[in-house]
Amino acid sequence: MHPEAAPDIRGVIHDIGYRRYDGPRLGRLHGFGTLFLHGLRGVFGLGRTAKAKVMPFLMVTIMLLPAVVAIAVMALLKEAPLPYQQLSVIMQPVLAIFLASQAPVLVALDQRFHVLPLYFSRPGSRMDYVLARYSAMAAALFLILALPLTVEFVGELLVDPPGPVHLGAYLSSMAGAVLLAITLGALGLAVAAATHRRGLGVAAVIAVYLVLTVMSGVLLGVFMATGNDDKAQWANLINPFHLVDAVRAWAFGHPPGDFAYPDGLAGGLIPLGAMLLVIAASLGLLAARYRKVGS
Amino acid sequence: MNATIAAVTYRGMIGSRRIWLLVALPLIMVGLALLLRLTNQADEQLAVILMQRFAVGALLPLMGLIVGTGVIAREIEDGVIIYMLSKPIPRPVVAYTKLLVAVSLMIVFAAIPTFLAGYLMVGAESGVATGFFLGTAAGGIAYAAVFLLISVLTRYAVTIGVIYALIWEGLVGGIVPGARQFSIQQWTQSIADSVSSSPFFKADVPLGFAAVALIVVTLGAAIWSGQRLRSLSITGDD
C-alpha cells in the first residue's frame, strides 16, 4: 500500500490466505454411516470409558450362558439342545436391561452435552440422525441375540448330537431376532429420547417394560383362573417380547413347548399389525421430539 | 433436617418431567384394580396377586429407583450439588433431608396407591389392603435409602438398581430360595403377611428376620450415605 496513492483510506482488507475447502465432500450417506457406527460402538462402550464397557459386556456374557449350558448338555447327555426360538423370551429381563441401560447412551448424551446443533448443521436432516441412531440400537439388539444363537448352532454342528440339525429353528430364530431388534429398539429409543438425563431414561424404559409385563401377567392369571384361555392368549401379547415372538411363531410355526399365542390368521395378522404400529408410533414420537430438541 | 434443602429437592422431583412417571405408574395400577372391580372379577385371591406382582413386584422397585436416585443423582450429575454441600450444613443432614423427602414421596406415590388399589378390589377384607399398605411403606423406605446410597456411591445407580430389582429379586430369587432372604420385596411381603389374614398369601421370609433386616438396611444405608457425602468427588465419566 502506498500512502501517497490514496491518503484518505482508513481501512484495508489484507489477503492472509484463507482458502475454500475444495477437497472431497463425503456427503449425507457417509454422515449417516458415521453416526450409525459411532452409535453401535457407543452402545457396547467402545470408544468410551472402561466403566461404560462394564454393563454391555456383562449383558453379552449373561446372554451367552444359556448357549454354553446348551452345548455342555449336548456334549455330555447327547440330548437335543435348548430350543433356539425360546432364547429371546427366556432371556427377556436381560434384553430389557440391556435396552434400558444402553438406549439413553445413544440419545440422551447428545442432548445433554449440546452436540445436536453440530450434527444438524451438516448435510443430512434431523430424521437422518434419528434413523442412524435407531439402526444402531436395532443392530446392537440383533447382535446381542444373534451371538448366543450362532454360538449354540456352531456348538450343535461341532458336537453333532443324534437327530437332524436344527437349521430351520436356528434361521427362524435369527429372523425373530431381527423382528425383536427393530421393534424393541424403536420403543426403547422413543422412551429414552424424551429426556436428556441418562438415569431417568434408564428408569423410564425399564418402567415401560416392567409395567407391560406385569399387566400382561396379571390379566393372564385372571383369564386363566376364569377359564377364558383364548382371552389369556391375547393378554399374553401385552408383553412386547411375547408380541414379537407371536409374530415369529405365526410366520415360522410354533416349536414344541412354545408359549401360548392366539391361533389362526387373526392370531398372526393382529400381532403383526400391533408390532408395526409400535414401530411407526415410536419413530413418530422420535421425529416429533427431534423436530424441536437441539436447536 | 433442613427446610430449604427439602424444598429444593421437592421442586426438583415434582417440577421436572419425572413427575409424569411418578403419577402414571400408580395410576395404571389403580386403573387396573378399578377395571377388575367393574368387571366383577375382583376377589381376594386376585387382589393378592395384583398386590404381589404389580404393587410389590413392579411399582415399589420402580418408584424406589426413580425417587431414591432422583432426589440426589440429578444434582450430582449436573454438578450443582457442590453449591448445596458448600453451605455450612453438615453433610449427613443433607443426606438425611433428601432421604426424608424420598420417603415421603414413596408413601404418596407407592404405598397410598397400593392401599387404594387393594381397597378398590376387596375393601377391608382380610386386611389385604392395610397389610400391603404397611408393607409397601416399610419396603419403600428401605428402597429409598438403598437407592439413595447407591446414587452417592456410583454414577450408574439406576442401572445397578435395575439389576438388583430385576435380576437378583426377580430371576435369582425365583430360582434360588436362599436369595429371597436378601430381597426388599420379600421383606415387604413378610410385613404385609403379618397384618393380613388372607389364606391366599404366605410370605417366604419370617417376620422377625424381615423386620430386623428392613431396619438394619435402612439405617445402615442412611448413615453410610451421610458419611459418603462428606468425601464426594465431582468428576464426570460420561
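Everything numeric here is computed off the predicted structure, so don't read it as measured data. (Residues numbered from 1 in each chain as written. Chains lettered and ligands numbered in written order. Predicted model: local features only at pLDDT ≥ 70, side-chain atom pairs only at ≥ 80, totals over all residues.)

### Things to note about the overall build of chain B
- Secondary structure summary: chain B contains 10 helices and 0 strands in total.
- Scanning chain B from its N terminus toward the C terminus, one meets helices and strands in the order α-α-α-α-α-α-α-α-α-α.
- The C-alpha atoms of chain B give a radius of gyration of 18 Å, which matches the 18 Å a tight globule of 238 residues would have.
- Along the longest, intermediate and shortest principal axes, the C-alpha atoms of chain B span 55 × 35 × 30 Å.
- Residues counted as buried form 52% of the 238 residues belonging to chain B.
- Of all intrachain contacts in chain B linking residues separated by at least 6 positions in sequence, the fraction that spans at least 24 positions is 81%. (Helix = DSSP H or I, 4+ residues; strand = E, 2+ residues; numbered from the N terminus. Rg over C-alpha atoms; globule rule 2.2 N^0.38 Å. Buried ≥ 20, exposed ≤ 12 C-beta atoms within 10 Å, placed from the backbone. Contact = placed C-beta atoms within 7 Å.)

### A few points about the overall build of chain A
- A tally of helices and strands in chain A yields 11 helices and 0 strands.
- The secondary structure elements of chain A, listed N-terminal to C-terminal, are α-α-α-α-α-α-α-α-α-α-α.
- A globule of 295 residues ought to have a C-alpha radius of gyration of about 19 Å, yet chain A, at 25 Å, is considerably larger.
- In terms of principal-axis extent, the alpha carbons of chain A reach across some 105 × 45 × 35 Å.

### A closer look at the UniProt feature "transmembrane region" (unreviewed entry) in chain A
- Sequence positions flagged by UniProt for "transmembrane region" (unreviewed entry) are, in local numbering, residues 57–77, 89–109, 130–149, 169–193, 200–224 and 265–288 of chain A.
- Spanning residues 169–193 of chain A, this segment combines 96% helix with 0% strand, and its end C-alpha atoms are found 35 Å apart. (UniProt positions renumbered as here; feature names shortened; annotations may be inferred.)

### Things to note about the interface of chain B and chain A
- Taken together, the 33 residues of chain B in the interface contact 26 residues of chain A.
- It is helix α3 (residues 44–70) of chain B that contributes the most residues to the side of chain B that touches chain A, 11 residues altogether.
- Across the side of chain B that touches chain A, the residue classes break down as 21 nonpolar, 5 polar and 7 charged. (Nonpolar A, V, L, I, M, F, W, Y, C, P; charged D, E, K, R; others polar.)

### A word on the UniProt feature "transmembrane region" (unreviewed entry) in chain B
All names here are of chain B.
- According to UniProt, the positions carrying the feature "transmembrane region" (unreviewed entry) are residues 19–38, 50–73, 93–122, 128–149, 156–176 and 205–224.
- Regarding residues 50–73, the helix share stands at 92% and the strand share at 0%, and the terminal C-alpha atoms are separated by 31 Å.
- In residues 205–224, the share of helix is 90% and the share of strand is 0%. The end C-alpha atoms are 26 Å apart.

### Remarks on helix α10 (residues 240–252) of chain A
All names here are of chain A.
- Between its first and last C-alpha, α10 extends 18 Å over 13 residues, near the 18 Å set by a 1.5 Å rise per residue.
- Burial within α10 is extensive, with 11 of its 13 residues counted as buried.
- Within α10, the full set of buried residues consists of Pro240, Phe241, His242, Leu243, Val244, Asp245, Ala246, Val247, Arg248, Ala249 and Trp250.
- In this structure, the buried residues of α10 make contact with α3 (87–90), α4 (92–112), α7 (167–192), α8 (198–225), α9 (229–236) and α11 (266–292).
- Count one or two residues on from α10 and you reach Gly253, which has phi positive near 95°. (Expected span 1.5 Å × (residues − 1).)

### Describing the packing of α4(A) against α8(A)
Residues and elements named next belong to chain A.
- As a packed pair, α4 and α8 sit with axes 8 Å apart at the nearest point and diverge in direction by 140°. Overall, the two elements α4 and α8 adopt an arrangement that is oblique. You can see that α4 and α8 cross each other, and the crossing is right-handed. Along its contact with α4, which presents Ala96, Leu99, Ala100, Ser101, Ala103, Pro104, Ala108 and Leu109, the element α8 presents Arg198, Gly201, Val202, Val205, Ile206 and Tyr209. (Axes fitted to C-alpha atoms, helices over the stretch in contact; angles between N-to-C directions. Parallel < 35°, antiparallel > 145°, perpendicular 65-115°, else oblique. Left-handed = near helix turned anticlockwise from the far one by under 90°.)

### Topic: the nonpolar core
- Counting 171 residues, the largest nonpolar core has Leu189(A), Val205(A), Leu50(B), Met106(B), Ala144(B) and Leu148(B) as its most contacted members.
- The element contributing the most residues to this core is α8(A), with 18 residues.
- In this view, Leu50(B) contacts Val218(A), Leu32(B), Ala33(B), Ala55(B), Ala117(B) and Met121(B); residues no more than four positions away in its chain are not counted. (Core = buried A, V, L, I, M, F, W, Y, C linked by C-beta atoms within 7 Å.)

### Let's talk about the packing of helix α7 (residues 128–153) of chain B against helix α10 (residues 207–228) of chain B
Residues and elements named next belong to chain B.
- Viewed as axis vectors pointing N to C, α7 and α10 meet at an angle of 30°, and their least axial separation amounts to 8 Å. By the angle between their directions, the pair α7 and α10 is classed as roughly parallel. Once α7 is placed against α10, the crossing between them reads as left-handed. Within the contact between the two elements, α7 uses Ala138, Ile141, Ala142, Ala145, Val146, Leu148, Leu149, Val152 and Leu153 and α10 uses Leu214, Val217, Thr218, Ala221, Ala222, Trp224, Ser225 and Arg228.
- For the contact of α7 with α10, the class distribution of residues is 14 nonpolar, 2 polar and 1 charged.

### Some remarks on unusual backbone geometry
- Phi is positive for His114(A), close to 55°, though the residue is something other than glycine.
- C-beta crowding within 10 Å serves as the criterion here: with 10 such atoms nearby, His114(A) is assigned to the exposed category.
- A positive phi angle is found at Ser126(B), which is not glycine, with a value near 55°.
- Position of Ser126(B) relative to the elements: it lies in the loop between α6 (91–122) and α7.
- The exposure class of Ser126(B) is partly exposed, given the 19 C-beta atoms found within 10 Å.

### Description of the confidence of the model for chain A
- Of the residues in chain A, 94% have a pLDDT of 70 or more, and the chain-wide mean is 89.
- Mean pLDDT in chain A bottoms out at α9(A), which sits at 86, and peaks at α7(A), which reaches 95. (pLDDT = per-residue confidence, 0-100.)

### Quick word on the environment of Leu272(A)
- Along the chain, Leu272(A) falls in helix α11.
- It is 5.7 Å that separates the C-alpha atoms of Leu272(A) and Val247(A), two residues lying 25 residues apart in sequence.

### Considerations on the environment of Tyr164(B)
- You can see Tyr164(B) is positioned in helix α8 (residues 157–175).
- Measuring from C-alpha to C-alpha, the distance between Tyr164(B) and Leu60(B) comes to 13 Å, with 104 residues separating the pair along the chain.

### Re the environment of Leu276(A)
Residue and element names in this part refer to chain A.
- With respect to the helices, strands and loops of the structure, Leu276 is situated in helix α11.
- Judged by the 13 C-beta atoms lying within 10 Å of it, Leu276 falls in the partly exposed class.
- Through-space distance from the C-alpha of Leu276 to that of Ile144 is 22 Å; in sequence the pair is 132 residues apart.

### Topic: α8(A)
Residue and element names in this part refer to chain A.
- Between its first and last C-alpha atoms α8 spans 41 Å; for 28 residues at 1.5 Å apiece the expected length is 40 Å, and the two agree.
- Within α8, 23 of the 28 residues are buried, which leaves the element mostly enclosed by the surrounding structure.
- Gly227 occupies a position one or two residues after α8 and carries a positive phi of about 80°.

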